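# Structure at a glance
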Amino acid sequence: MSDGLFAALCPTGAGLAREFVRTSDGQALSYAALRAASARAAHALVALGVRPGDRVAVQVEKSLTAVVLYLATLRAGAVYLPLNTAYTAAELGYFLADAEPTLFVCTPERRAALQPLLERLAVPAVATLAAAAGTAAAGTSTDTDIGDATDIGGAAEGSFQLAMAGKPEHFDDVARLATDPAAILYTSGTTGRSKGAVLTHGNLICNARTLAASWRFTSADVLLHALPIFHIHGLFVAINVALAAGASMRFLPRFDPALVLRHLPDCSVMMGVPTFYVRLLREAQLTREKVAGMRLFISGSAPLLLETHRAWRQRTGHLILERYGLTETGMNCSNPYEGERVPGSVGPPLPDVRLRVTDQVSGTALPVESIGMIEVKGPNVFSGYWRAPDKTREAMRADGFFSTGDLGRIDARGYVYIVGRATDLIISGGYNVYPKEIELELDALPGVVESAVIGLPHAEWGEAVTAVVVPAMPLSEAAVIATLRERVAAYKLPKRVLFATELPRNVMGKVQKAQLRARYAQLYVS
Ligand code: AMP
């Protein structure tokens, strides 16, 4: 038996007095208060019938109590299953039927509407968690009472907070092996139904430590946290890295440029998706003075445009550090903290991570600069898909490498470049067209904000290369095609260039190419 994530990462001794997290409305928790609150929450989970190995499914707003619930679930030896707050009852039904949680936690507002679903699925226990308004005055270091007797009966209380009240502030963490599951995260799944990626305590602990060391986190850091906490980025990359370093977090309820700008001067690191950076650049208030205390800006979850890199550097003096990972593996690559950060690259593999590029058909490893399937192996790689051994087998190579579904290449220096999802690869007239290559050409044209290149059904070509462009000024389709004709081979040339005011993105900033393909499916069908 070894330590589970909480015991392994949460500071002890002198570190307990430090602040762990502070919300934008002034609620705060020291590490000591985090320990006490998560102990009370772990006792509440046990009282609700949660046993080691059980799943705790959670669909709640971002709040300090939600973070406490996450860590309490792990302390109780159970498996945390966060769900996107945007999921409808029908979507929720799929996840709950698949994961069979012992406990489902939702907001008080949704409780009544979900009752028929929860009854039909016979979910053994249900509790509510409210994102209570701040009680501590901003600027104080007072710990906010979470589920303490003092806030019983508060209008914004949920039944889970009530269940925590009066519980002991000490909990003996259930011992966990590194191979024991800590969380199940359903992947966005571009095709077919979402699969639950089972991440172990060992996966999360090693990735948090590696990232904290690679990005030089210390207890003096204040991490600006504006990400959702139902996704690996905001939950594991951000929270676990802060824990591993004994650092502090400034917790914003959501990404709001004005709120971020208000809190940036108190922070030293920000983790964001590319859209954060794009939207902040539109703010006149983003200046070098605003970021004077910042030492690092990190981006991931979707590709960062070269233009965003350039504009951010010009405005703030910082070169954004881009990294790459996915739900099943945690983080795999990162540009270096010291050393060259290469725009357009996600950097070399992290220590402990082995990465190779293979031929999609034969599976053999390819030489440097060849584009192929990115495969990774290391202590960060998940244990498999929940109750789906055949899907796990499909994704795992015989020698333990996981096939990420991303196409990319490695250069001679070991830097990795992501070309896009294999499912977005276009095969036109029998030739492979990598959308990224054409998108880079389009993005470099004057008057182009950004672009997405997709393949659409075409009687003659199988798939026709098609560009969707967001223009900054009126552009002509014929002129764009004519310019590109001089730059790319004929088989890669978009047959059509369509204009749109924006690209469809999900909450993590990923362009939804499946949505674009559906929108324009009939374009070449006569
Ligand atoms: P998720 O499992 O939701 O975290 O999505 C993982 C996917 O996001 C990866 O398989 C990549 O396709 C994409 N992704 C993550 N980080 C980057 C990045 N820095 N550049 C390009 N794509 C990325």
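Reading the values: rules and limits
Note on numbering: residues in each chain are counted from 1, in written sequence order. At least 70 in pLDDT is required for a residue's local features to be given in this predicted model, at least 80 for side-chain atom pairs to be given and counted, and no such filter applies to totals for whole chains, interfaces and linings, which use all residues. Neither water nor hydrogens contribute to the side-chain values; these are computed over all heavy atoms in the structure. Here the bounds of each domain stem from an automatic or database domain assignment. Aromatic rings from Phe, Tyr and Trp, taking only the six-membered ring of Trp, are treated as a pair when their centres fall within 6.5 Å; an angle between ring planes under 30 degrees marks them as stacked, one over 60 as edge-to-face, and anything in between as tilted. A run of H or I in DSSP becomes a helix once it reaches four residues, and a run of E becomes a strand once it reaches two; helices and strands are each numbered from the N terminus. Burial here depends on accessible area, computed with a 1.4 Å probe over protein chains only, as a share of the maximum for the residue type. Under 20% is buried, over 50% is exposed, and the range in between is partly exposed. Buried and open spaces are told apart on a 1 Å grid over the protein atoms alone, a cavity being a set of points where a 1.4 Å probe fits but cannot get out and a pocket being an open set with protein on both sides within 12 Å along at least five of seven lines. Residues with an atom within 4 Å of a point are the lining residues. Grid points are joined across faces, edges and corners, and a volume is the space filled by probe spheres set on the points. Residue type decides the class: Asp, Glu, Lys and Arg count as charged, Ala, Val, Leu, Ile, Met, Phe, Trp, Tyr, Cys and Pro as nonpolar, and the leftover types, Gly among them, as polar. One bridge is not enough; two strands pair if DSSP finds at least two bridges between them. For helices, the fitted line uses only the C-alpha atoms of the stretch in contact; every axis is such a line through C-alpha atoms, and the angle between N-to-C directions lies from 0 to 180 degrees. Between two residues, a contact is recorded if the distance between any of their heavy atoms is within 4.5 Å. When we say a residue is near a molecule or strand, we mean one of its heavy atoms is within 4 Å of it. Two N or O atoms form a polar contact when they lie within 3.5 Å of each other; inside protein one atom must be a possible hydrogen donor and the other a possible acceptor, and for residues adjacent in sequence the pair counts only when both atoms belong to side chains. Per-residue and other accessible areas were derived by the Shrake-Rupley procedure at a 1.4 Å probe size, with only the shown protein chains allowed to occlude residues. Any angle that falls under 35 degrees is termed roughly parallel, while one over 145 is termed roughly antiparallel, one within 65 to 115 roughly perpendicular, and all others oblique. Each crossing is labelled by how the near helix is turned from the far one, with a counterclockwise turn of less than a right angle marking it left-handed and a clockwise turn marking it right-handed. Here, a salt bridge means any Lys or Arg side-chain nitrogen found within 4 Å of an Asp or Glu carboxyl oxygen. The crossover handedness rule: strands pointing away from the viewer, path from first strand over the helix to second strand clockwise, crossover right-handed.

## Here we look at the domain arrangement of the chain
Once the domains are mapped, the chain shows domain 1 (30-213) and domain 2 (425-519). When each unit is reduced to the centre of its C-alpha atoms, the spacing between domain 1 and domain 2 is 41 Å.

## A few points about the packing of aromatic side chains
Applying the stated rule across the entire model yields 14 aromatic pairs. With centroids separated by 5.0 Å and ring planes inclined at 55°, the aromatic side chains of F20 and Y31 adopt a geometry described as tilted. In this pair, F20 is assigned in strand 1 (residues 19-23) and Y31 in helix 2 (residues 31-47), connecting sequence segments eleven residues apart. Its relative accessible area of 0% is what places Y31 among the buried residues.

## What about empty space enclosed by the protein?
For the coordinates displayed, the defined rule picks out one cavity of 30 Å³ or more. Considering only enclosed or pocket space, the largest cavity measures out at about 90 Å³ in volume. Along the wall of the largest cavity there are 13 residues; nearest its centre are L204, N207, F236, V237 and G330. The leading source of residues in the lining of the largest cavity is helix 7 (residues 201-214), at five residues. Residues belonging to the lining of the largest cavity are distributed by class as follows: seven nonpolar, six polar and no charged.

## Quick word on the sheet that holds strand 15 (residues 354-358)
With antiparallel pairing, four strands are arranged side by side in an open sheet as 15-16-18-19. Each edge of the open sheet carries a strand with a single partner, namely strand 15 and strand 19 (416-421). On average, each strand axis in the sheet is inclined to that of its neighbour by 45°, with strand direction left out of account. As paired strands, strand 15 and strand 16 (residues 372-377) are joined by five bridges and run antiparallel to one another. Opposite R356, over in strand 16, you have E375 as the bridge partner.

## Here we look at the sheet that holds strand 11 (residues 269-272)
Pairing within the open sheet is mixed, and its eight strands lie in the order 2-1-10-9-11-12-13-14. Of all strands in the sheet, those with a lone pairing partner are strand 2 (28-30) and strand 14 (330-334), marking the two edges. Neighbour-to-neighbour, the strand axes of the sheet open up by a mean angle of 20°, direction not taken into account. Together, strand 11 and strand 12 (296-299) form the strand contacts of helix 10 (residues 274-281), whose direction differs from that of strand 11 by roughly 115°.

## Thoughts on the site of the ligand
Around the ligand sit 16 residues in total, of which R323, T327, D406, R421 and K510 are the nearest. Within the side chain of T327, one N or O atom sits 2.6 Å away from an oxygen atom of the ligand. The separation between an oxygen atom of the ligand and a polar side-chain atom of K510 is 2.9 Å. In the complex, 91% of the free accessible area of the ligand, which totals 500 Å², lies under the protein chains. When residues in the shell around the ligand are grouped by element, the largest group, five residues, is from strand 13 (residues 321-326). The residue inventory of the shell around the ligand, partitioned by class, reads six nonpolar, five polar and five charged.

## Points about the packing of helix 4 (residues 89-99) against helix 5 (residues 108-120)
Packing of helix 4 against helix 5 leaves a shortest axis separation of 11 Å and a crossing angle of 50°. Here helix 5 runs oblique to helix 4, going by the angle between their axes. Once helix 4 is placed against helix 5, the crossing between them reads as right-handed. Across from A89, L92, G93 and L96 in helix 4, the residues of helix 5 making contact are R110, L114, L117 and L118. Looking at the contact of helix 4 with helix 5 residue by residue, the class counts come to six nonpolar, one polar and one charged.

## Overview of unusual backbone geometry
Peptide bonds are, in most cases, trans, and in most cases residues other than glycine have a negative phi. Positive phi is not limited to glycine here, since E100 has a value of about 45°. For E100, the location among the structural elements is in the loop between helix 4 and strand 5 (103-106). Located in the positive-phi region is D352, a residue other than glycine, with phi close to 80°. Within the secondary structure, D352 is located in the loop between strand 14 and strand 15.

## Let's talk about the side chain of S30
Considering the arrangement of structural elements, one finds S30 in strand 2. Among the polar contacts listed, one links the side chain of S30 to the backbone nitrogen of A33, at a separation of 3.0 Å. For S30, the residues in contact, after removing those within four places along its chain, are L16, A17, R18, E19, F20 and D143.

## Thoughts on the pattern of salt bridges
Side chains carrying opposite charge are able to pair once their charged atoms draw close together. All chains considered together, the criterion is met by 21 salt bridges. With a closest N to O distance of 2.8 Å, D399 and R356 form a salt bridge. Linking D399 in the loop between helix 12 (389-395) and strand 18 (402-410) with R356 in strand 15, this pair joins segments that are 43 residues apart in sequence. D424 serves as the salt-bridge partner of R517, at 3.1 Å between the closest nitrogen and oxygen.

## Points about the pairing of strand 4 (residues 79-82)
Here strand 4 shows two buried faces, one formed by V79 and L81 and the other by Y80 and P82. Bridge count for strand 3 (residues 55-59) against strand 4 is four bridges, and the pairing is parallel. Bridge assignment links V58 to a residue of strand 4, and that residue is P82. For the segment spanning strand 3, helix 3 (residues 64-75) and strand 4, crossover handedness is right-handed.

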